[in-house]
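# Examining the three-dimensional arrangement
The lines below spell out each chain.
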Amino acid sequence: MADRGRALVRLVALVAAVAVLPLFVRPVVAAEIWIFAIAAMALNLIFGYTGMLSFGQATFFGIGAYAGALMMIHWQAPLLLALAGGAVLGALTAAVLGYLCIQRLGIYFIMLTFGFNQMFFFIAYKWTDLTGGEDGLPGVPRPPLALGPLHLPLNTATRYYLFVAVVFLLLFYAMKRIVDSPLGLICRSIRENPNRAAAIGYDVKLYKWIAFTIAGAFTGLAGVLYAMMYGIVPLEAISWITSGDIVFMVLIGGLGNLYGPLLGAAGLKWLSEAVSVVWQRWPLILGVALVLVVLYLRGGLVEALARLREALARRRLRPRVREESA
Amino acid sequence: MSVSLLSWAVLNGLVTGVIYALTGVGLSIILGLLNIPNFAHGALYALGAYFLYAAAQAALGFWGGLIAAALGVALLGMAIEYLGLRRLYGVHPDYALLLTFGLSLILTEATIFVWGPTGFTFQPPLMLAGGVNLGVMVYPKYRLMIMLATGLLVLGCWLFVERTKYGAIIRAGIEDRDMASALGINIRRVFTLGFAAGAALAGIGGALMLPVRGIAPTMGVEIMPVAFVVVVLGGLGSLPGAIVAGLLVGVFQSLMTALWAPGADASVFALMTLGILLRPQGLLGQR
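It should be emphasised that the depicted structure is a prediction, and the values quoted were computed from it without experimental measurement. (Residues numbered from 1 in each chain as written. Chains lettered and ligands numbered in written order. Predicted model: local features only at pLDDT ≥ 70, side-chain atom pairs only at ≥ 80, totals over all residues.)

Looking now at the overall build of chain B. Regarding its fold elements, chain B presents 11 helices and two strands. The order of helices and strands in chain B, counted from the N terminus, is α-α-α-α-β-β-α-α-α-α-α-α-α. Radius of gyration (C-alpha) of chain B: 19 Å, near the 19 Å computed for a compact globule of 287 residues. For the C-alpha atoms alone, the extent of chain B along its principal axes is close to 60 × 45 × 35 Å. (Helix = DSSP H or I, 4+ residues; strand = E, 2+ residues; numbered from the N terminus. Rg over C-alpha atoms; globule rule 2.2 N^0.38 Å.)

Turning next to the overall build of chain A. For chain A, the helix and strand inventory stands at 14 helices and two strands. Taken against the 2.2 N^0.38 rule, which gives 20 Å for 326 residues, the C-alpha radius of gyration of chain A at 21 Å falls within 12% of a compact globule. Viewed in the frame of its principal axes, chain A has a C-alpha envelope of about 80 × 50 × 45 Å. Residue burial in chain A is summarised as follows: out of 326 residues, 46% are buried. When contacts within chain A are restricted to residue pairs at least 6 apart in sequence, long-range pairs at least 24 apart make up 76% of them. (Buried ≥ 20, exposed ≤ 12 C-beta atoms within 10 Å, placed from the backbone. Contact = placed C-beta atoms within 7 Å.)

This part covers helix H12 (residues 260-278) of chain A. The end-to-end C-alpha separation of H12(A) is 27 Å, in line with the 27 Å expected for 19 residues at 1.5 Å each. Looking only at H12(A), the buried set comprises Gly260(A), Pro261(A), Leu262(A), Leu263(A), Gly264(A), Ala265(A), Ala266(A), Leu268(A) and Lys269(A). (Expected span 1.5 Å × (residues − 1).)

With that settled, the discussion passes to the packing of helix H9 (residues 219-234) of chain B against helix H10 (residues 239-259) of chain B. All names here are of chain B. Close contact between H9 and H10 brings their axes to 8 Å; oriented N to C, the two are set at 125°. Judged on the interaxial angle alone, H10 and H9 are oblique. When the axes of H9 and H10 are compared, the crossing they make is right-handed. Between H9 and H10, the residues in contact are Val-226, Val-229, Val-230, Val-231, Leu-233 and Gly-234 and Gly-241, Ala-242, Val-244, Ala-245, Gly-246 and Val-249, respectively. When grouped by side-chain class, the residues that make up the contact of H9 with H10 number nine nonpolar, three polar and no charged. (Axes fitted to C-alpha atoms, helices over the stretch in contact; angles between N-to-C directions. Parallel < 35°, antiparallel > 145°, perpendicular 65-115°, else oblique. Left-handed = near helix turned anticlockwise from the far one by under 90°. Nonpolar A, V, L, I, M, F, W, Y, C, P; charged D, E, K, R; others polar.)

The subject of this paragraph is the nonpolar core. Membership of the largest hydrophobic core comes to 203 residues, with the highest contact counts inside it found for Ile38(A) and Val73(B). At 17 residues, helix H2 (residues 27-49) of chain A tops the list of elements feeding residues into this core. Beyond its immediate sequence surroundings of up to four residues, Ile38(A) is in contact with Phe168(A), Leu171(A), Phe218(A), Leu221(A) and Ala222(A). (Core = buried A, V, L, I, M, F, W, Y, C linked by C-beta atoms within 7 Å.)

The next point concerns unusual backbone geometry. Residue Gln76(A) is not a glycine yet carries a positive backbone phi of 50°. Locating Gln76(A) in the fold gives a position in the loop between helix H3 (57-75) and helix H4 (79-101). Unusually for a residue other than glycine, Asn35(B) sits at a positive phi of about 60°. By the secondary structure assignment, Asn35(B) is in the loop between helix H1 (3-34) and helix H2 (41-57). The exposure class of Asn35(B) is partly exposed, given the 17 C-beta atoms found within 10 Å.

Take the environment of Gly275(B) next. Residue and element names in this part refer to chain B. Looking at the element boundaries, Gly-275 is found in helix H11 (residues 264-278). For Gly-275, a count of 20 C-beta atoms within 10 Å gives the class buried. Each C-alpha atom, one on Gly-275 and one on Val-230, is 10 Å from the other, the two residues being 45 residues apart in sequence. Those residues within four positions of Gly-275 in sequence are excluded, and the remaining contacts are Val-232 and Leu-233.

This paragraph deals with the interface of chain A and chain B. Taken together, the contact pairs 28 residues of chain A with 28 residues of chain B. Top element by residues in the side of chain A that touches chain B is helix H5 (residues 106-126) of chain A. It accounts for 11 residues. Looking at the side of chain A that touches chain B, its residues break down into 19 nonpolar, five polar and four charged.

Residue and element names in this part refer to chain B. The terminal C-alpha atoms of H2 lie 25 Å apart, and with 17 residues this matches the ideal 24 Å at 1.5 Å per residue to within 8%. Of all 17 residues in H2, 14 are buried, a share of seventy percent or more. Ala-59, located one to two residues past H2, shows a positive phi value of around 70°.

Turning our attention to the environment of Tyr202(A). All names here are of chain A. Within the element layout of this structure, Tyr-202 appears in the loop between helix H9 (194-200) and helix H10 (204-230). With 16 C-beta atoms counted inside 10 Å, the residue Tyr-202 sits in the partly exposed group. As a C-alpha pair, Tyr-202 and Asp-180 span 22 residues in sequence and 18 Å in three-dimensional space. With sequence-adjacent residues up to four places away left out, Tyr-202 is seen in contact with Ile-186, Ala-197 and Tyr-207.

Residues and elements named next belong to chain A. Running from amino to carboxyl end, H4 crosses H5 at an angle of 145°, the nearest separation of the two axes being 9 Å. Crossing handedness for the pair H4 and H5: right-handed. Contacts from Leu-97, Leu-100 and Cys-101 in H4 reach Phe-109, Leu-112, Thr-113 and Phe-116 in H5. Looking at side-chain class alone, the contact of H4 with H5 contains six nonpolar, one polar and no charged residues.

All names here are of chain A. Here Ala-58 lies in helix H3. Judged by C-beta crowding, with 28 C-beta atoms within 10 Å, Ala-58 ranks as buried. Along the backbone, Ala-58 and Ala-306 are 248 residues apart, and their C-alpha atoms lie at a distance of 31 Å. Residue contacts for Ala-58: discarding those within four places in its chain leaves Asn-117, Ala-237, Ile-238, Ser-239, Trp-240, Thr-242 and Ser-243.

Attention shifts here to the confidence of the model for chain B. Per-chain confidence: chain B averages 87 in pLDDT, with 99% of residues scoring 70 or above. The ipTM for the predicted assembly is 0.81, set against a pTM of 0.85. (pLDDT = per-residue confidence, 0-100.)

What follows is the structure, given as C-alpha cells:
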C-alpha cells in the first residue's frame, strides 16, 4: 500500500513537473526534453531493464523522423497518422535489426547496433533526393490535431508543447505498465542472469526481441515529434552522436529506474541549452559529466537524489539515536 | 575501368589499409588485453596528427615530430589507464566504454580549443616529396613510404607479440589475466603499458596520415568506427586478423569509391555486420 502511495505521489509530481516546465525554459526546449525523454525511456527498457546496451537508437529515431516527415510532406498525412507511421516503421526496423543484433552478446551486440546505425546514417547522407542529405529535410508541416469533432491547431510553440507533453505522459504511463508487467519482470531476470532465465523456461531471445521492438516503436514516434518541432529533419537525427546522447541521458539519469531517463533527458537538454548560449564547447562539459558519473556516480541522478535523501534522514535521526543510547 | 585507375584505387586502398591495420592493431591490443572497447581511439589518432603538427612547428622536423607524437600519445594513454580505467576493472565493462567515450569528447574539444576548429594541410618531408613512376602511373613517394614503413611497423608489432618474452606476457594477459597474475606477472603494469602501446599505434597512424589527408578535429570521429569494423572483422584480440581486415577494408572502401561512390561508406559497415553475423569469431579469430 505504501509503495502504491509513493508511486502515486511520484506520478503526480511528474505531471506537475510537465505542467510547470515551460515557465522555466523556452517551450521549444521543454518540448525537446520530453521528446528525448521518450527515446531515453525506450533505451532504458532495453539497456536498464534488459541489459542490452544499444549504441544505435538514432537509427529508429531518424527513420521515424524521416518516415513521419515524408508522409506529411508528400501525402499530407494527418498528425496522428504520421505519428503512427513513425512508430510502426520504427518498430518494423527494430524488429528486423533487433532480430539480427540479439543473435550476439556483449561487445558484438553493441557493435552491431552501432554498425547498422552507421549504415543507415550513410544511406540518409547519400540519398539526398529522399532525405536532403547534409542539408536536412526541410518543410515538415505541423498539421492540427483532428480527433472526431476536436480540431486543435498546434501552430504556436506553447500549443505544440502541450501536445508533446500529453503524448509523453501517455507513453510514460504505457512504459510504466510494461515495466510493471510480467514482461518487465522477465526482462529484469534476463538482465540479472540470462542463463537462469533460460533455465526456468523463458525464451531469452524472444523477450529481448520484444523489448527491442517496443523500444523501436517508442523511439520512432519520438522522431516524428522531433521532426515537427523545428519543421526539419536534420541529418544529425540519425547520426551515432544522437545515439550517444540517448545513452548518456539514460546513464546520467540512472539506469533501470523509470524516472532516471527523464531526469537525464531534462538535465542534459537543459544544460546544453543553458551552456551553448554562452559557450560553443558544450561537448566538453558533456564529456566531463560523463567521466564523473562513470567514476563516482554510477547510479546517476537517481542515486544522487537517494543519497541526498538518506543524508537528510540521517541528520534528522541522529539526535533521537543519541538519546536512546544514553 | 582502366588499368591505371584500378591500380590507383588499389594502391590508395593499401595506403589507407595499412593505416587501418595499424590503428586496428592498437585497438585490438587494448580490447584483447584490457577487455575495453576504447572509444577514445579515434581522438588519440587525431591527437597523434596534431602532436606531429605542433612538434614540426617547434622545429623538431618530420621525423623528430613523429617520435614526439608517438611518445606524447603513449604518455596520454598511460595517464588514461592509470587515472581512469584502473578504477573500473571491477564493474561492468559497459562503464569503461562510456568512460572512454567521455574522454573522446573531452580530447576532441581540447584539440579544437588549442588548434581551432578548421583544418590544416601539411607537406611531406622534402626527401619524400614528388612521385615515383610505376609504369602505369606516377604514384606519390610519400604514400609508398607509408605503405612500407607502416607495413614494417605492423610486422614488427606482430613479431614482438609472437616471438619475444614480453609478447608472451601480453598474450598470456589476453588469454587469461587471472592465471597470468597468479604466475607472478604484474598484470596491472602490463595493462598500463598495453594501453599506452595501443594508444601510441593510433597516434602514429594519425601522424602518418597527416601529409596525405591534412588535419581536422573531426578526423578522429571518422576513423573510430572504421577501426572498430577492422577489429570486429578480424576477430577480437587477434592481431593478424586486424592486419588482414585493415587491408581488406582499406582496399574494399577504395574500390567501392571508384565503382559506386555514394555507397562506399555504408558498404563498409554492411561488410562488418555481415562479418559478425556469418563469422562471429572474425576472419582469423578463435573466440
